[in-house]
Amino acid sequence: ITGQTSSNNFPTQIPTQGNRAGSNDVFITKLKADGTGVEYSTYFGGSGSDLGRGIALDNAGNVYVAGITASSNLPTVNPFQATRAGSNDVFVAKLNAAGNTLLYSTYVGGSGDDQGLDIAVNKVDGTAVVTGITNSSDFDIQYAIDGTYGGNWDAFVTRLSADGGSLVASTYLGGAGDDRAEDVTLGDADNVFVVGRTTTGGLATTGAFRTGIQGWDAFVTELDFDATTQQQAYFTYVSGSSTDYGFGV
């Protein structure tokens, strides 16, 4: 499990970081199978406020966490981006299966506000796909489906290499309205499914279940998304006549 703690006495076990460093730190904790104790538990953070929002495992039991950091001194290991670029940045961190080694940790973000809200992992090759929201016009883009910042909040989808040191692919998703990705998962063919909420019209592709927008609408999109393929299989709104938010997929 992951989340956020302001406790100085959060239970730790073989921690990679034994003490709270900021106003709020991320925690990463593995419970015993019967729930009676912890196998490992650690703080993760810098001197600012840090929040763990998404967590995933690969087949080896390595743990991947994504979230939001306002710390300029977040502990980094083999980072794609070594320093915080904006008011908040996304962070992505990977711990080994025993929970006692930080395998990589990196910032991801531009000069604005960037928030990592969920993560999914290719369980075989270890590439991590992170989604969330950004208002940075200089967010890191690579092999993009949508290479242009649309305004307000845009969703983003970013795939990191297995060692965390480079981008495999990264794209905006959005337009001139407010576009927020909330959750991501991977299909059996490594296709990427993202769900969220939007006020931007005109995003739906041919064959969409619903093409028109009616205010805040939920959306679902499927992407084929790596270094060789950048294709949006579909984008559809899912909505009624009032406010509709998509939070899980």
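Parameters and conventions
Residues numbered from 1 in each chain as written. Predicted model: local features only at pLDDT ≥ 70, side-chain atom pairs only at ≥ 80, totals over all residues. Heavy atoms only, no water. Helix = DSSP H or I, 4+ residues; strand = E, 2+ residues; numbered from the N terminus. Rg over C-alpha atoms; globule rule 2.2 N^0.38 Å. Buried < 20%, exposed > 50% of the residue type's maximum accessible area, 1.4 Å probe, protein only. Contact = heavy atoms within 4.5 Å. Pairing = 2+ DSSP bridges. Axes fitted to C-alpha atoms, helices over the stretch in contact; angles between N-to-C directions. Salt bridge = Lys/Arg side-chain N within 4 Å of Asp/Glu carboxyl O. Polar contact = N/O pair within 3.5 Å; in protein donor to acceptor, adjacent residues only side chain to side chain.

K.L.:
Can you walk me through the overall build of the chain in this structure?
P.N.:
In terms of helices and strands, the chain carries zero helices and 15 strands. In terms of overall dimensions, the chain is globule-like: its C-alpha atoms have a radius of gyration of 18 Å, near the 18 Å expected for 249 residues. With the principal axes as the frame, the chain shows a C-alpha extent of 50 × 35 × 35 Å. Of all 249 residues assigned to the chain, the portion counted as buried reaches 51%. In the chain, the proportion of contacts linking residues at least 24 apart, taken out of those at least 6 apart, comes to 61%.

K.L.:
Would you take a moment to explain the sheet that holds strand β9 (residues 128-134) for this structure?
P.N.:
In a beta sheet, neighbouring strands are held together by backbone hydrogen bonds and run either parallel or antiparallel to one another. Spatial strand order, β8-β9-β10-β11: four strands in an open sheet with antiparallel pairing. At either margin of the open sheet sits one strand with a lone partner, and together these are β8 (114-121) and β11 (167-173). The average undirected angle you get between the axes of adjacent strands in this sheet is 20°. Alignment of β9 against strand β10 (residues 154-160), held across seven bridges, turns out to be antiparallel. Directly across from V129, in β10, lies its bridge partner R159.

K.L.:
What should I look at first to understand the pairing of strand β6 (residues 89-95) in this one?
P.N.:
Counting buried positions over the seven residues of β6 gives seven, a clear majority of the element. Burial along β6 is two-sided: D89, F91, A93 and L95 and V90, V92 and K94, pointing in opposite directions, are all buried. Bridge analysis of β6 against strand β7 (residues 102-108) gives six bridges, and the strand direction is antiparallel. Bridging across to β7, K94 finds its partner in Y104. Between β6 and β7, which pair antiparallel in sequence order, lie six residues; one of them, G99, sits at a positive phi of approximately 80°.

K.L.:
I'm lost on unusual backbone geometry in this one. Help?
P.N.:
Glycine aside, residues mostly have negative phi, and peptide bonds are mostly found in the trans state. Residues other than glycine seldom take positive phi values, yet N78 does so here, at roughly 45°. Here N78 is to be found in the loop between β5 (63-69) and β6. Unlike most non-glycine residues, N152 shows phi in positive territory, near 50°. Position of N152 among the secondary structure elements: in the loop between β9 and β10.

K.L.:
When you look at the sheet that holds strand β15 (residues 230-238) in this model, what are you seeing that I'm missing?
P.N.:
Pairing in this open sheet of four strands is antiparallel, and the strands run β12-β13-β14-β15 from one edge to the other. Edge strands, defined here as strands with exactly one partner in the open sheet, are β12 (179-186) and β15. Across the sheet, the axes of successive neighbouring strands diverge by a mean angle of 20°, strand direction being ignored. Examined bridge by bridge, strand β14 (residues 217-225) and β15 share eight bridges and lie antiparallel to one another. Pairing of E222 across the sheet is with Y234, part of β15.

K.L.:
Before we go on, may I ask you to explain the pattern of salt bridges in this structure?
P.N.:
Proximity of charged atoms lets side chains of opposite charge pair with each other. Throughout the structure, instances matching the rule amount to four salt bridges. The closest approach of N and O atoms between E39 and K30, which form a salt bridge, is 3.4 Å. You can call E39 partly exposed: its relative accessible area is 39%.

K.L.:
I would appreciate a short explanation of the environment of E182 in the present structure.
P.N.:
Here E182 shows up in strand β12. A relative accessible area of 8% places E182 in the buried class. As for E182 and G215, which are separated by 33 residues in sequence, their C-alpha atoms are 17 Å apart. In contact with E182, not counting residues within four places along its chain, are R53, L117, D118, T131, V195, G196, R197, G246 and F247. A distance of 2.8 Å separates a polar atom in the side chain of E182 from a polar atom in the side chain of R197.

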